[in-house]
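# Topology and contacts: notes
Single-letter residue listing:
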Amino acid sequence: MNIQEAKEEIIRTLKAYTAKDDRGQSRIPEFRQRPVFLIGPPGIGKTAIMEQAARECQVGLISYTITHHTRQSAVGLPKLVTKTYGDQEYTMTEYTMSEIIGAVYEYQERTGYREGILFIDEINCVSETLAPTMLQFLQYKMFGNHKVPKGWVIVAAGNPKEYNQAVRELDMAAMDRVRTLTVEADYGVWKGYALQQGIHPAVLSYLELHPEHFYQVTLTREKKEFVTARGWEDLSVLLTEYERQGMSVGRSFIEEFLRVPKIAADFAAYYQLNQTFLGAYPVAGLLTGTLSGEETRALIERLSKAPGDVRCIFLSHLLSGAWGRMTAYGSALRLWEREREVLSQYFSYMKEESEEKSPERFLERRFHALKVKKENDLLTPWEASMEAQVDEWLSKLLTGPLRLPEPEAGKALLEEERSRSKALVQAQKEELLRFLNEMTDFLKNCFGEEQELTDWLVGIQKHGDASLIGFLRPEMEPLLNRREQEARLRKSMKEMERLYEAGDRK
């Protein structure tokens with residue numbers, strides 16, 4: 001399966017394992033809740049999907065790389081205790097609480113989360129002394145004498161032996177106690193993620209032309225060469241910053257991230273082509289709407305005759321610009337909605353019967369709650385940025401020159417303020433729709449209803465906020481119908497595979 005399918009299965013598992021009956025008891029007994037074992041090559045996003053699944057299910061997440069632990073930190077330290085059996089006293093050895101189990105309890109106290117994912121990475125690379133401990137952990141959800149708290153789903157991950165010489169194959173006893181999900185690298189799935197993350201257009205367009213270069217690993221005694229999804233993303237981040245600061249990029253820089261010399265050399269040459277393209281084709285002017293009518297017609301003429309690689313570079317830059325605008329609109333809308341939520345919380349707080357209530361006290365409580373979330377990685381970077389903007393706005397509203405009067409009197413002012421901000425967000429949406437329609441018309445004038453137009457429309461629909469924007473074109477109808485048919489076909493094929501597997505077991 002690909003990484004997206006693995007994430008969906010993790011989410012389904014979380015929902016099933018944490019489901020409760022009318023008495024508040026788990027519907028699936030704890031001893032039937034098998035740990036999930038993700039096995040797949042390094043750098044494809046196994047840790048990232050844990051974070052995504054936890055956020056989507058609104059549960060906690062604690063991650064450990066088990067190879068960083070000794071037997072003492074995993075199991076606990078031995079201590080002598082005295083116990084009486086019958087009339088005789090005996091001195092026995094017990095163990096202090098495992099550092100990992102202790103971390104779960106501390107996390108619960110800090111965050112209030114009573115359910116979550118305990119993610120143990122590189123579980124099949126443990127030392128020989130820790131191997132029995134891992135079997136105990138997978139079988140009984142215990143480290144030493146202490147169990148993982150109820151409500152916490154265990155997910156382990158590891159690499160196949162061909163990617164890591166330190167791998168110790170789990171024996172049958174261990175494998176019989178886990179659900180194994182085998183994950184493979186898939187550029188098509190990663191592309192959707194890459195667009196959301198704003199991966200550099202040169203990286204995206206290169207991989208469109210060479211998807212076979214997305215993931216390659218050769219690890220032998222003579223040769224250690226690899227290119228991973230992590231490598232492409234890290235390269236993209238630094239490439240973007242180097243360009244912002246006007247710093248040059250050469251082949252040696254690219255080889256720091258792409259550890260297959262042939263691919264690094266090929267991408268270095270392609271990147272130079274990309275930079276040349278930006279100088280020859282005024283993409284920035286097209287995106288900002290500053291091209292004259294004559295310049296626009298000249299660009300259409302050049303692109304209509306351009307070779308495939310140039311078309312691919314152009315489309316990647318155009319999609320990157322569109323996605324940036326779509327993300328900006330989605331962020332503005334979420335900020336507006338979050339401001340409404342926080343102000344509603346403030347008005348509810350001011351109605352509480354307490355002598356200590358004040359705008360300053362409310363802001364202090366909010367600051368403390370956000371601090372706990374940040375310390376426990378419960379906020380994504382964009383969420384942290386949004387909350388900072390809300391704090392700045394709220395402080396001006398509650399304690400600055402705009403200080404709101406008492407809650408009831410302040411509601412009228414609040415509605416006026418919110419109407420103004422809503423109008424700005426709506427105007428941003430209308431401008432975005434105008435831009436998307438203009439770019440679609442531009443592509444039709446360049447290429448007609450060819451593959452470039454299809455790739456553009458599919459790319460727009462893949463954005464996470466596409467449904468909020470509501471961009472629709474007549475050209476999309478056959479495309480969406482085809483995607484719906486393909487989805488039904490994939491579902492039907494999976495069902496047939498399941499029935500065949502069930503038949504084989506009989």
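Provided above is the structure to which this section pertains.
Read on for an overview of the structure. Small disclaimer: the values here were computed from a predicted structure and weren't measured.

### Comments concerning the pattern of salt bridges
- In this structure the tally under the stated criterion is 20 salt bridges.
- Taking the shortest distance from any N to any O, the salt bridge between Glu56 and Lys7 comes out at 2.6 Å. You can see Glu56 sitting in helix 2 (residues 46-57) and its partner Lys7 sitting in helix 1 (residues 3-17), a full 49 residues away along the chain.
- Across the pair Asp391 and Arg366 runs a salt bridge, and its minimum N-O distance is 2.5 Å. You can see Asp391 sitting in helix 16 (residues 381-399) and its partner Arg366 sitting in helix 15 (residues 359-375), a full 25 residues away along the chain.
- Each member of the salt-bridge network shares a partner with another, and the members are Arg338, Glu341, Arg366, Glu387 and Asp391.

### Notes on the side chain of Glu452
- Secondary-structure assignment places Glu452 in helix 18 (residues 451-461).
- Its relative accessible area of 14% is what places Glu452 among the buried residues.
- Engagement of the side chain of Glu452 in a polar contact is seen with the side chain of Arg311, the distance being 3.4 Å.
- Apart from residues lying up to four places away in sequence, Glu452 is in contact with Arg311, Leu315 and Phe447.

### Structural notes on the sheet that holds strand 9 (residues 179-182)
- If you trace the five strands from one edge of the open sheet to the other, you get 2-5-8-1-9, paired in parallel fashion. Two strands in the sheet have a free side with no partner beyond their single neighbour: strand 2 (60-65) and strand 9. Strand-to-strand twist of the sheet, defined as the mean angle between neighbouring strand axes without regard to direction, takes the value 20°.
- Strand direction decides the pairing type here: strand 1 (residues 36-39) and strand 8 (residues 152-158), joined by four bridges, are parallel. By the bridge assignment for strand 8, Val36 is matched with Val155.
- Those strands touched by helix 1 are strand 1, strand 5 (116-121), strand 8 and strand 9, and its axis lies near 160° from that of strand 9.
- Relative to strand 5, helix 2 is tilted by about 175°, and along the sheet it contacts strand 1, strand 2, strand 5 and strand 8.

### Some remarks on the nonpolar core
- Judged by nonpolar contacts, the single largest core of 91 residues is most densely connected at Ile117, Trp190, Trp232, Phe267, Phe314 and Trp456.
- At 13 residues, helix 14 (residues 308-350) tops the list of elements feeding residues into this core.
- Leave out the neighbours within four places in its chain, and Phe314 touches Phe277, Val283, Leu286, Leu303, Phe442, Leu443 and Phe447.
- Core analysis: the next-biggest nonpolar cluster, separate from the first, contains 23 residues, Val104, Ile120, Phe143 and Val148 among them.

### What about the packing of aromatic side chains?
- According to the stated counting rule, one finds 14 aromatic pairs in the structure shown.
- The positively charged end of Arg325 is found above the aromatic ring belonging to Phe435, 3.9 Å away from the centroid.

### What to know about the packing of helix 14 against helix 15
- Viewed as axis vectors pointing N to C, helix 14 and helix 15 meet at an angle of 125°, and their least axial separation amounts to 11 Å. If you check the angle between helix 14 and helix 15, you find them oblique. Of the two elements, helix 14 crosses helix 15, and the hand of that crossing is right-handed. Contacts from Arg338, Val342, Gln345, Tyr346 and Tyr349 in helix 14 reach Pro359, Arg361, Phe362, Arg365 and Arg366 in helix 15.
- In terms of residue class, the contact of helix 14 with helix 15 is built from five nonpolar, one polar and four charged.

Rules of the game
- Every chain begins its residue count from 1, and numbering advances along the sequence as written.
- Only residues with pLDDT of 70 or above have their local features reported here, since the model is predicted, and side-chain atom pairs are shown and tallied only from 80 upward, although totals for entire chains, interfaces and linings are computed over all residues.
- Hydrogens and water are ignored here; the side-chain numbers use all heavy atoms of the structure.
- Put simply, a salt bridge is a Lys or Arg side-chain nitrogen that is within 4 Å of an Asp or Glu carboxyl oxygen.
- Strands are runs of DSSP state E lasting at least 2 residues, helices are runs of H or I lasting at least 4, and numbering of each runs from the N terminus.
- Whether a residue is buried, partly exposed or exposed follows from its accessible area with a 1.4 Å probe, protein chains only, as a fraction of its type maximum: under 20%, in between, or over 50%, in that order.
- Whenever a nitrogen or oxygen atom comes within 3.5 Å of another N or O atom, the pair is scored as a polar contact, on the condition that within protein one atom can donate a hydrogen and the other can accept it, and that pairs from neighbouring residues in sequence are kept only if both atoms are in side chains.
- Between two residues, a contact is recorded if the distance between any of their heavy atoms is within 4.5 Å.
- A pair of strands is labelled paired if DSSP reports no fewer than 2 bridges between them.
- Where helices are involved, their axes are fitted lines through C-alpha atoms of the stretch in contact, as for all axes, and angles between N-to-C directions lie from 0 to 180°.
- Definition of nonpolar core: a set of buried residues of the types Ala, Val, Leu, Ile, Met, Phe, Trp, Tyr and Cys, connected through side-chain atoms within 4.5 Å.
- Under the pairing criterion, centres of Phe, Tyr and Trp rings, with the six-membered ring standing for Trp, must be within 6.5 Å; the plane angle then separates stacked pairs below 30 degrees from edge-to-face pairs above 60, leaving the rest tilted.
- Here, a charge over a ring is recorded when the distance from Lys NZ or Arg CZ to the ring centre is within 6 Å and its angle to the ring normal is within 35 degrees.
- When describing relative orientation, an angle under 35 degrees is termed roughly parallel and one over 145 degrees roughly antiparallel, while 65 to 115 degrees is termed roughly perpendicular and anything else oblique.
- Note on convention: near helix rotated counterclockwise from far helix by under a right angle means a left-handed crossing. Clockwise means right-handed.
- Side-chain classes follow a simple rule in which Ala, Val, Leu, Ile, Met, Phe, Trp, Tyr, Cys and Pro form the nonpolar group, Asp, Glu, Lys and Arg form the charged group, and the remainder, Gly included, forms the polar group.

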